[in-house]
Amino acid sequence: MDTSVSGKTSTEHLDLAVGGMSCASCVGRVEDAILKVPGVTGVNVNLATGRASVDLKDGDPMAVVGAVEAAGYETVAEETTLRVEGMSCASCVGRVEQALKDLPGVLEASVNLATETARVRHLPDLADAQALVRAVAQAGYGASLPEPGVDRADREREARAAEMRSLRRSLTWAAAFTLPIFILDMGGHLIPPFHHAVHGAIGTQNLYVLFFVLASLVQFGPGLRFYQKGWPALMRGAPDMNSLVMLGTSAAYGYSVVATFLPGLLPAETVHVYFEASTVIITLILLGRFLEARAKGATSEAIRTLMGLRPRTARVLRDGQSVEIDVDQVAVGDRVLVRPGERLPVDGEVVDGDSWVDESMITGEPVPVHKAAGARVVGGTVNGQGSLTVRATQVGADTVLAQIIRMVEAAQGSKLPIQALVDQVTRYFVPVVIGIALLTFVVWILFGPAPALTLALVNAVAVLIIACPCAMGLATPTSIMVGTGKGAEMGVLFRGGDALQALRDTDVVALDKTGTLTRGRPELTDLVVAEGASEDALLAMAAVLERHSEHPVAQAIVRAAQARGLGLGEASGFRAVAGMGATGIVDGRAVLVGADRYMKAQGIHIEAFAHKASGLADAGRTPLYLAVDGQAMALLGVSDPVKEGAKDTVARLRALGLQVAMITGDNRRTAEAIARELGIEQVVAEVLPEGKVEAVKSLQQGGRKVAFVGDGINDAPALAQAEVGIAIGSGTDVAMESADVVLMSDNLNNVPNAIALSRATIRNIKQNLFWAFVYNATLLPVAAGVLYPFVGLLLSPVFAAFAMAFSSVSVLTNALRLKRFRVPRVT
């Protein structure tokens, strides 16, 4: 639970696991229930992940939990046992219990003085195991977990495994009891001699009683789950998919019971049993849910893989000894020993050792990276053949891996604008289906041919069973889950699912030059000085001044002076003017270094260097000027080499039908030279940092959608202004926080990769929605019998059950195709 406080108001974000949701209409009901809680400002419930994301302002988290449970669903709780130290009497027990119960998310706490343990039942998303330990510590007692804590990946894996075991068990029993009914009944319909033999040997009444016994075992055994969920929902006036199955199978089963034991209550021509329909329907729907649960597990594979990257334990140096501890107990500043072949447990800085580290699981780049003293390393990556000693700089939730997991989870749990229509439809879908089923029954009773009662029952049951809001509810979130997971594998992180849709609609890709298209480490290539002046003296003056600046160009000048072995003194009165240059006092003389516009603004004449500057610009180098005491004394040419693969990236973007633009603070001639080299058709040059937003706005004219790619602090406003901001992973944290999409490496080819993936994902979503809507729009009328007057076609409830199960599985299977997404290449 994240909390931010401003003044007297408190804003919280809750992420709850919700159990019992079976279809899209459940999603609407959970959202409606949560929205009624005072203080809730926003809610997003995801059927595929089974989670609710809630924004609270001065609200009670437990009221949200209560609202979910009052709506007939459950919040998933777990039980944790703590070891508690320092308790000496019953009052200690009471204090520890109260400290735990006061924690939001704790449902029950029981402390045992004799065993010195506390058993706590809590909601892991509101109060995790470490929060319990902290609560006991704040009460004045010591607390620890008896063994390394089970992380969320394990909890969710175990929950899925339990669901799969339950469904498999129910499906096995349902199939075992259904098969004899199916063979004896349906076999008789298909093979008349078999029908006569069975009825002659057993007797029709005895056969019906046998069917009744077997069907009852299915109806109230494996089928009991539909009553447990469907009946309370129906009683609340909020029926769901379980209610439809319950009503449909109960109608078929109940009619058959009457036909078996009280046939006199029915017209003679309508005495038939439909035990095979009720049992086969339950069996097929359980089969569909089993396959659906297995496919859902596959859609969340990316999150499980990311969670599995972090080691459970770490080897740290404590008091001169190597100690293996739970990774959650590693503190900032600890020295962690990493042996060859091990995963790094935390983010940190190498203080000793030399090795190559495989960072592909974080960045998507397959080539190992050399790490030595001073290098930064990321938790979850794999150490090569060398040993490393790493000083922990980020631990727990602050690590890069933890942030990646949060970003992927946020993206997978979000809704696209395209989902809004689906939500409106599914909110009323089940009640409408029940209404259509009742109407179907009445119409067939009044106007249907004999046996009207039988036909009315069969068609009404078919309508109830064939309706499938599950497919509509799963259409969008499953594709988002697989698509964003695939992106994480490629080193492309979507901060929200809506970024997928926005990126797909992009018309223009605008790229910052320095550090994005270029390496961001410029080199001094040319030095032209005024007649009679000393190159070394002027370069030394420029370097002394620029040594106070962090700008890459300034550092290039300093490196060039150091390479010549020039001694560098100190500057006073240093002042940098963003996008222009710098000024200061060196050896008692006023020194300025900067672009031509800076010199002109200071009234310094640079005409003597104009011809040389023009030549540098034509060659793709940035011309800078050095002025001493108000007189231009030197021209410096700085070149920032183009990144490898930048030209290929531009070609791929253009092949995708996108317009490519470059935004830079460089002078126009230099910028256009680089643009020609890369094949970029539009250049916005000589832009000051604060002007990048205006540059993006100019590209947005005419309704064009712009994706801006940048890496620096001064790119953050432009990243926010664009429809989609894309930050490269080698950039700053500020840029990443402002971006919608984060590339975990500086490989620019991930820009067209991200766009291609977004297009594939949205295309997949539209396919899912199309077939989900077409399925219901087409088969619901058929199930109601609208084709019977024309072609004599009626839909069997058994076929309806098969079609309903198939629709959900087909949507999930189509979403899983995104796992095979391959980046399109340009020849």
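No experiment lies behind these values; they were computed from the predicted model shown.

**A few points about the overall build of the protein chain**
(1) Moving on: Per the secondary structure count, the protein chain includes 31 helices and 31 strands.
(2) Moving on: With respect to the principal axes defined by its C-alpha atoms, the protein chain has extents near 120 × 75 × 55 Å.
(3) Moving on: Across the 827 residues that make up the protein chain, the buried fraction comes to 53%.
(4) Moving on: Within the protein chain, residue pairs in contact and separated by at least 24 positions form 68% of the contacts whose partners lie at least 6 positions apart.
(5) Moving on: Taken as two groups, the 72 positive and 82 negative side-chain charges of the protein chain have centres that lie 4 Å from each other.

**Points about the sheet that holds strand 17 (residues 382-383)**
(1) Moving on: One open sheet accounts for three strands, arranged 15-14-17; its pairing is antiparallel. For this open sheet the edge positions go to strand 15 (369-371) and strand 17, each flanked by a neighbour on one side alone.
(2) Moving on: Here strand 14 (residues 355-358) runs beside strand 15; their pairing, made up of three bridges, is antiparallel. The residue of strand 15 that forms the bridge with tryptophan 356 is histidine 370.

**As for the sheet that holds strand 24 (residues 589-594)**
(1) Moving on: If you trace the six strands from one edge of the open sheet to the other, you get 21-26-25-24-23-22, paired in antiparallel fashion. Among the strands making up the open sheet, the edge pair consists of strand 21 (523-529) and strand 22 (571-577). Direction aside, the axes of adjacent strands within the sheet are offset by 20 degrees on average.
(2) Moving on: Pairing of strand 24 with strand 25 (residues 622-628) involves four bridges; the strand directions are antiparallel.

**Observations regarding the pairing of strand 8 (residues 117-122)**
(1) Moving on: A one-sided burial pattern is seen for strand 8, the buried positions being Ala118, Val120 and His122 and the unburied ones Thr117, Arg119 and Arg121.
(2) Moving on: Sheet topology places strand 6 (residues 78-85) next to strand 8; six bridges connect them, and they run antiparallel. Within the sheet, the bridge partner assigned to arginine 83 lies in strand 8 and is threonine 117.
(3) Moving on: In this structure, strand 7 (residues 106-112) lies alongside strand 8, joined through six bridges in antiparallel fashion. Bridge pairing links asparagine 112 to threonine 117 in strand 8.

**Some details on the UniProt feature "transmembrane region" (unreviewed entry) in the protein chain**
(1) Moving on: Following the UniProt record, one finds the feature "transmembrane region" (unreviewed entry) at residues 170-187, 207-224, 244-266, 272-291, 428-447, 453-476, 769-788 and 794-816.
(2) Moving on: For the annotated span residues 244-266, helix accounts for 78% and strand for 0% of the residues, and the straight-line distance between the end C-alpha atoms is 25 Å.
(3) Moving on: Annotated as 85% helix and 0% strand, the span residues 272-291 places its first and last C-alpha atoms 33 Å apart.

**Observations concerning the packing of helix 9 (residues 241-261) against helix 15 (residues 429-447)**
(1) Moving on: Across the interface, helix 9 lies against helix 15 with an axial gap of 9 Å and an inter-helix angle of 20 degrees. One element, helix 9, and the other, helix 15, form an angle in the roughly parallel class. Where helix 9 crosses over helix 15, the two elements pack in a sense that is right-handed. Contacts between helix 9 and helix 15 involve Met241, Leu244 and Leu247 from the first element and Val430, Val433 and Ile434 from the second.
(2) Moving on: Per-class residue counts for the contact of helix 9 with helix 15 are six nonpolar, no polar and no charged.

**Some words on a nonpolar patch on the surface**
(1) Moving on: A cluster of nonpolar side chains, contributed by Val209, Val213, Leu217, Phe261, Leu262 and Leu265, occupies part of the molecular surface with about 530 Å² of accessible area.
(2) Moving on: Note on placement: valine 209 falls in helix 7 (residues 204-219).
(3) Moving on: Classification of valine 209 as partly exposed rests on a relative accessible area of 30%.

**Overview of the pattern of salt bridges**
(1) Moving on: Scanning the entire structure with this criterion turns up 19 salt bridges.
(2) Moving on: The shortest N-O distance in the salt bridge between glutamate 672 and arginine 668 comes to 3.3 Å. Taken together, the residues glutamate 672 and arginine 668, both in helix 25 (residues 668-678) and four residues apart, mark about one turn of the helix.
(3) Moving on: The class of glutamate 672 is partly exposed, set by a relative accessible area of 29%.
(4) Moving on: Here lysine 697 and glutamate 694 are joined by a salt bridge, their closest N and O atoms 3.7 Å apart. A residue pair is termed a helical-turn pair when its members lie 3 or 4 positions apart in one helix, as lysine 697 and glutamate 694 do in helix 26 (residues 692-699) at three residues.
(5) Moving on: Through salt bridges with shared partners, a single network forms among Arg315, Glu324, Arg339 and Glu342.

**Regarding the packing of helix 29 (residues 750-784) against helix 31 (residues 797-816)**
(1) Moving on: Put simply, helix 29 and helix 31 touch, their axes get as near as 9 Å, and they point 170 degrees apart. Here helix 31 runs roughly antiparallel to helix 29, going by the angle between their axes. Residues Asn764, Gln767, Asn768, Tyr775 and Leu779 of helix 29 pack against Ala800, Ala803, Met804, Ser807, Val811, Asn814 and Ala815 of helix 31.
(2) Moving on: Residues that form the contact of helix 29 with helix 31 fall into these classes: seven nonpolar, five polar and no charged.

**A short note on the UniProt feature "domain: HMA" (unreviewed entry) in the protein chain**
(1) Moving on: Cross-referencing UniProt, the feature "domain: HMA" (unreviewed entry) maps to residues 12-76 and 78-144 in the present numbering.
(2) Moving on: Here residues 12-76 is 34% helix and 37% strand, with 20 Å between the C-alpha atoms at its ends.

**Quick look at a positive patch on the surface**
(1) Moving on: Taken together, the side chains of Arg763, Arg817, Arg820 and Arg822 define a basic patch exposed on the protein surface.
(2) Moving on: Looking at where arginine 817 falls in the secondary structure, it is placed in the segment after helix 31.
(3) Moving on: Residue arginine 817 is classed as partly exposed on the basis of its relative accessible area of 38%.

**Here's the deal with the environment of arginine 559**
(1) Moving on: Checked against the element boundaries, arginine 559 lands in helix 21 (residues 552-563).
(2) Moving on: Using a relative accessible area of 26% as the deciding quantity, one classes arginine 559 as partly exposed.
(3) Moving on: Along the sequence, arginine 559 and glutamate 108 sit 451 residues apart, while their C-alpha atoms lie 64 Å from each other.
(4) Moving on: Those residues in contact with arginine 559 that sit more than four places away from it in its chain are Arg521 and Pro522.
(5) Moving on: In this structure the side chain of arginine 559 is engaged in a polar contact, spanning 2.7 Å, whose partner is the backbone oxygen of proline 522.

Procedures and definitions
- Residues numbered from 1 in each chain as written.
- Predicted model: local features only at pLDDT ≥ 70, side-chain atom pairs only at ≥ 80, totals over all residues.
- Heavy atoms only, no water.
- Helix = DSSP H or I, 4+ residues; strand = E, 2+ residues; numbered from the N terminus.
- Buried < 20%, exposed > 50% of the residue type's maximum accessible area, 1.4 Å probe, protein only.
- Contact = heavy atoms within 4.5 Å.
- Lys, Arg positive; Asp, Glu negative; His and termini not counted.
- Charge placed at Lys NZ, Arg CZ, Asp CG, Glu CD.
- Pairing = 2+ DSSP bridges.
- Axes fitted to C-alpha atoms, helices over the stretch in contact; angles between N-to-C directions.
- UniProt positions renumbered as here; feature names shortened; annotations may be inferred.
- Parallel < 35°, antiparallel > 145°, perpendicular 65-115°, else oblique.
- Left-handed = near helix turned anticlockwise from the far one by under 90°.
- Nonpolar A, V, L, I, M, F, W, Y, C, P; charged D, E, K, R; others polar.
- Patch = residues over 30% accessible without salt bridge, like charges linked within 9 Å, V, L, I, M, F, W, Y side chains within 5 Å.
- Areas by Shrake-Rupley, 256 points an atom, 1.4 Å probe, with all protein chains shown as cover.
- Salt bridge = Lys/Arg side-chain N within 4 Å of Asp/Glu carboxyl O.
- Polar contact = N/O pair within 3.5 Å; in protein donor to acceptor, adjacent residues only side chain to side chain.

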